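# Coordinates in review
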Amino acid sequence: MEHVLTHSPNKPSPVVKKSWADRLQVWLPKIVLAPTMLVTVVCIYGYIFWTAALSMTNSRFLPSFKFVGLAQYERLMENDRWITSITNLGIFGGLFMLIAIALGILLAIFLDQNIRNEGAIRTIYLYPMALSFIVTGTAWKWILNPGLGIEKLMQDWGFTNFKFDWLVNSEMSVYTLVIAALWQSSGFVMAMFLAGLRGIDSSIIKAAQIDGASLPTIYMKIILPCLRPVIFSAVIITSHIAIKSFDLVTAMTAGGPGYSSDLPALFMYAHSFTRGQIGLGAASAMMMLGGILAILVPYLYSELREKKS
């Protein structure tokens, strides 16, 4: 007879002890990521909650823990400088986002036509993104200065009636910020759309061409709908740049003339660190965070909803 060895169902299976090397292999990723997670929780989310708490106190030069509810937000909405900065953000952000995305799409389509020296042209378009906004703001401040830049150059060439004083014009100064921001960021948006165009299956375009579709129709009906994720990403990135713009405004106009080109980021810094109104500055910071979330949350919701469906 053959004896078949079987385990009794009531007999517990032997426990295999893990060696220290196996335990280290399990815990090593957690140990490596722990400092990053700690810094993220404390220095990002912790300070967000701290700022939210300060926005509901009467803090001035130093933090105070006297709760005043939404009084700082009421003061904020009654502040003329804040209303001006919000209006400027609407003008600056709207024009910057629309023109940067439109220009990025056009440049990407231009480079996608298998032109000569594409690498050199792409590098030229992307070069401004390597500069900081401080450098960009300083350079454009010189270019647009009526006594140094374009206006003086044109007048020296004999066009004595030429005038381009937007930088010192309170009604036009915010548009100079749009010019500088577009010069720096359009190349980055172009690179995003160019990567999206290179990822589209060429067989779809060839099939549309065989069916007799014109090139504008192919781009409007086929290519741009395929680039919808890239468009959403470009909207989020450009809106984030617009909302947090501080160094560009500081280097270029410092919010002037007066506070005609003020933006919320500059308002927050001025009231928090130079005017000794920490509570009001914290309230403006939370309003800026709300603006970013108002753009980010619907985008994430739509993306997650599409993945589930």
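Before reading on, note that the structure itself is shown above.
Let me begin by describing the structure that accompanies this report. Each chain carries its own residue numbering, running from 1 in the written order of its sequence. Only residues with pLDDT of at least 70 get local features here, since the model is predicted, and only at 80 or more are side-chain atom pairs given and counted; chain-wide, interface and lining totals rely on the full set of residues. As a rule here, side-chain values come from all non-hydrogen atoms in the structure, and water together with hydrogens is ignored.

## Observations regarding the overall build of the protein
- Secondary structure follows DSSP: runs of H or I at least 4 residues long count as helices, runs of E at least 2 residues long count as strands, and numbering of each begins at the N terminus. The number of helices and strands found in the protein is 13 helices and zero strands.
- Put simply, the protein runs from its N terminus to its C terminus through helices and strands in the order α-α-α-α-α-α-α-α-α-α-α-α-α.
- Each principal axis of the C-alpha distribution contributes one length, and for the protein these read about 115 × 70 × 35 Å.
- A total of 309 residues make up the protein; the buried ones form 33% of that total.
- The long-range fraction of contacts in the protein, counting pairs at least 24 apart against all pairs at least 6 apart in sequence, stands at 70%.
- The method behind every accessible area is Shrake-Rupley, applied with a 1.4 Å probe, and residues are considered shielded solely by the protein chains displayed. As displayed, the protein offers around 19600 Å² of accessible surface, 67% of which is attributable to carbon and sulfur atoms.
- Residues scored as charged are limited to Lys and Arg (positive) and Asp and Glu (negative), so that His and the chain ends carry no count. Here the site of a charge means atom NZ of a Lys, CZ of an Arg, CG of an Asp or CD of a Glu. A gap of 10 Å separates the mean positions of the 23 positive and 17 negative side-chain charges of the protein. Buried residues are those whose accessible area, probed at 1.4 Å on protein chains only, stays under 20% of the maximum for their type, while exposed residues exceed 50% and partly exposed ones sit between those limits. Note on contacts: a residue pair qualifies if any of its non-hydrogen atoms lie within 4.5 Å across the two residues.

## Notes on a nonpolar patch on the surface
- Patch membership requires over 30% relative accessible area and the absence of a salt bridge. Like charges are linked within 9 Å, and nonpolar side chains (Val, Leu, Ile, Met, Phe, Trp, Tyr) within 5 Å. Criterion for a salt bridge: a side-chain nitrogen of Lys or Arg within 4 Å of a carboxyl oxygen of Asp or Glu. A surface patch of nonpolar side chains, about 780 Å² in accessible area, is lined by Trp20, Leu24, Val26, Trp27, Leu28, Ile31 and Val32.
- Along the chain, the position of isoleucine 31 falls in helix H1 (residues 20–54).

## Topic: the environment of threonine 250
- On the secondary structure map, threonine 250 appears in helix H11 (residues 247–252).
- Definition of a polar contact: a pair of N or O atoms within 3.5 Å, with one able to donate and the other able to accept a hydrogen when the atoms are protein atoms, and with sequence-neighbouring residues admitted only if both atoms are side-chain atoms. There is a polar contact of 2.8 Å between the side chain of threonine 250 and the backbone oxygen of phenylalanine 246.

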